[in-house]
Amino acid sequence: MPLGSPRLRLSELLATLSLATDLGTGQPLGHGLRTSLLAVALGRELGCPPEQLRSVHQVALLRFLGCTSDAGETAQMVGGDEVNFNAVMAPVVSGTAGESLRLMGKAVGVGQSPARKTRLIVGMLTDLGADQRIFSNHCEVAAMLASRLGLAESVTHALGHAYERWDGKGFPAGLAGEEIPLEVRVSTVARDVDLFVRGTDDVHDVLQRRREKAYDPAVVDAYRRVGATHPEAEWDEVIDAEPEPIVYIENIDQVLAVVADFTDLKSRWTRGHSPQVAELAEAAARHSGLGGEESRELKRAALVHDVGRVGVENGVWDKPGPLSSDEWEKVRTHPYLTHRVLFRCPVLAPLADLASSHHERQDGSGYHRQLRSEHLSVSARLLAAADMYSALTSARPHRPALDQRDAVAAMSEAADAGTLDHQAVGCVVAAAGGEFERRRPDHPGGLTEREVEVLTTLAGGSTNREIGERLFISPKTVGRHVENIYAKIGVSTRAGATVFAMEHRLLG
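The notes below deal with the structure included here. Residue numbers here run from 1 along each chain, matching the order of that chain's written sequence. Local features in this predicted model are restricted to residues whose pLDDT is 70 or higher, and side-chain atom pairs enter the listing and the counts only when it is 80 or higher, whereas totals over whole chains, interfaces and linings include all residues. Note that water and hydrogens are dropped before the side-chain values are worked out from all heavy atoms of the structure.

Here the focus is the overall build of the protein chain. The way it works is that DSSP assigns letters per residue, a run of H or I at least four long becomes a helix, a run of E at least two long becomes a strand, and they are numbered from the N terminus. On a plain count of helices and strands, the protein chain comes out with 26 helices and zero strands. Using C-alpha atoms as the atom set, the radius of gyration is obtained and then compared with a globule rule of 2.2 Å times the number of residues to the power 0.38. Over its C-alpha trace the protein chain gives a radius of gyration of 26 Å, about what one expects of a compact globule, namely 23 Å for 508 residues. Projecting the C-alpha coordinates of the protein chain onto the three principal axes gives extents of approximately 85 × 55 × 35 Å. Relative accessible area decides the class of each residue, using a 1.4 Å probe on protein chains only: under 20% of the type maximum gives buried, over 50% gives exposed, and in between gives partly exposed. Residues classed as buried in the protein chain amount to 56% of the 508 residues present. Contact between two residues is taken to exist if any of their heavy atoms lie within 4.5 Å; hydrogens are not considered. Long-range pairs, those at least 24 residues apart, make up 68% of the contacts in the protein chain between residues at least 6 apart in sequence. The Shrake-Rupley method, run with a 1.4 Å probe sphere, supplies the accessible areas, and residue values consider only the shown protein chains as cover. Per element, the accessible surface of the protein chain, about 21300 Å² overall, is 52% carbon and sulfur. For the protein chain, the separation between the mean place of its 55 positive charges and that of its 68 negative charges on side chains is 2 Å. In this charge count, Lys and Arg are treated as positive and Asp and Glu as negative; neither His nor the chain ends contribute. Just so you know, the charge point we use is NZ for Lys, CZ for Arg, CG for Asp and CD for Glu.

Just to be clear on terms, a salt bridge is a Lys or Arg side-chain nitrogen sitting within 4 Å of an Asp or Glu carboxyl oxygen. Counted under the stated rule, the structure contains 31 salt bridges. The closest approach of N and O atoms between Glu250 and Arg7, which form a salt bridge, is 3.4 Å. One end of the pair, Glu250, is in the loop between α13 (235-240) and α14 (252-264); the other, Arg7, is in the segment before α1 (10-24), and 243 residues separate them in sequence. Residues Asp253 and Arg300 are paired through a salt bridge, measuring 3.1 Å at the closest nitrogen-oxygen approach. Separated by 47 residues along the polypeptide, Asp253 in helix α14 and Arg300 in helix α16 (residues 292-303) bring together distant segments of the chain. Note on Asp253: relative accessible area 23%, which makes it partly exposed. Residue class for Arg300 comes out buried when judged on its relative accessible area of 13%. Connected via shared salt-bridge partners are Glu99, Asp192, Asp205, Arg209 and Arg210.

Right, let's get into the packing of aromatic side chains. In summary, the pairing rule links any two rings of Phe, Tyr or Trp, Trp by its six-membered ring, whose centres are within 6.5 Å, and it sorts them by plane angle into stacked for under 30 degrees, edge-to-face for over 60 and tilted for everything else. This structure, assessed with the given rule, holds three aromatic pairs. Ring geometry for Phe64 versus Tyr163: centroids 6.2 Å apart, planes at 65°, classification edge-to-face. Of the two residues, Phe64 sits in the loop between α3 (50-62) and α4 (71-78) while Tyr163 sits in the loop between α9 (153-159) and α10 (182-197), which places them 99 residues apart along the sequence. Here the two residues Phe64 and Tyr163 agree in accessibility, since each one is buried. Three or more aromatic residues link up through ring pairs in this structure, and these residues are Phe64, Phe135, Tyr163 and Phe171. The rule is short: NZ of Lys or CZ of Arg within 6 Å of the ring centre and within 35 degrees of the ring normal puts a charge over the ring. Above the face of the Tyr163 ring, Arg63 is positioned so that its terminal group lies 5.3 Å from the ring centre. Arg309 extends its terminal NZ or CZ atom over the ring of Trp317, reaching a point 3.7 Å from the ring centre.

Checked against the element boundaries, Asp236 lands in helix α13. By relative accessible area, Asp236 is classed as exposed at 52%. Along the primary structure Asp236 and Leu128 are separated by 108 residues, whereas in three dimensions their C-alpha atoms are 43 Å apart.

Let us look at a negative patch on the surface. Each patch is assembled from residues with relative accessible area greater than 30% and no salt bridge, linking like charges that lie within 9 Å and nonpolar side chains (Val, Leu, Ile, Met, Phe, Trp, Tyr) that lie within 5 Å. Residues Glu234, Asp236, Glu237 and Asp240 make up a contiguous surface patch of negative charge. Looking at the element boundaries, Glu234 is found in the loop between α12 (217-226) and α13.

Remember, this is a structural readout, not a statement about activity or role.
Here you go:
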């Protein structure tokens, strides 16, 4: 189903982003959704007018939109696993220094020796500017990304002060009391309530201890009156919490580009990767003969293909040496996480299978589903090739960038080995302005790889619609392929095409 039918509501995109920030902060998917529901309930209890309630809803969903901005730095500080650090320390972000210190042992130096763990903790405790630096990064990036989404100034301003505290000891500006945007005061309490409802601490005890310290007392009192929790927030419930009038996205590519940049911020080695893959894949689609609709969908899937990377710690992505087997297992989960994030949103769900297929390989050796060629669409093959080309021609922690000649040679070898599709590689290399030596044997009648797939499926008795469903292309595109096949092999009927396929041993 192409994007835009039905139209994508802004709240759906923000909710999708909240799932991505759940990955980056080490929270179970849905944490941001539950936070937003409670925040809206608190906002209503406090008497917020509709426009301010809209801001509350959006800020609660996006409060951690800057979480990828310092992932690499945080990973270095804590010994590699900043996702675990974020998860362990989440309940004490609004707490005391003593509470933070008690959790350091679980949050820092996971898998490290006791001596290494101690050095890391000491380093963090003596880096007096770390909190200011990290939280300021989060806030600025969140505000910038929100502005690119076209959100109201009230939302971007609030996200720029997401870690302020009622007592003036927060970040980035040390605002106090009602100087802090109400959206922040509400979402801070709502987020922590969800953490403690799922934990072992008594929610009301935590609220009382932090009242007039980190928390606005009026918001604490509102929670006592509302007492609402949402342990299993439904997607529709969160979307419906958006106050009228409903806002729809006019430029889907623009907002998906924000998702791409949020993702690529995760590591210094991947900055700009997703848009590059999207541009390359779209251009390769034109070389392959895909229609405009399929090309647009491929570009959009490419923009968000790596969002699942946010859920894997930077100690893996930024490692300069070989990965261990456990680290490789984590790498293999990221396409699955991409699928989970996109599939939750009904309008983005059609992109999920394609976006999460970028590491699948023709021979079934890829991940996460180990799909083989017969289950990979032309778009999936192009995406895999575009992703590899972009990665090869960019520096990575374990190697420098390859020049175009070496990258093309590596992809040619992969195609010859049966992992990448020859035609897809040729289209990607052509789109990148390079030359590709096709070493595969020619098919009879000058048929392309895709035309052979269409022909053999047609010869099996499938209709155009059934061929399209099997090969992940539209019936109209199938029709064009059939016309080209008939012209190339000199037939005018399905029966004649079937005989040609039999004669040339193309079936089975």
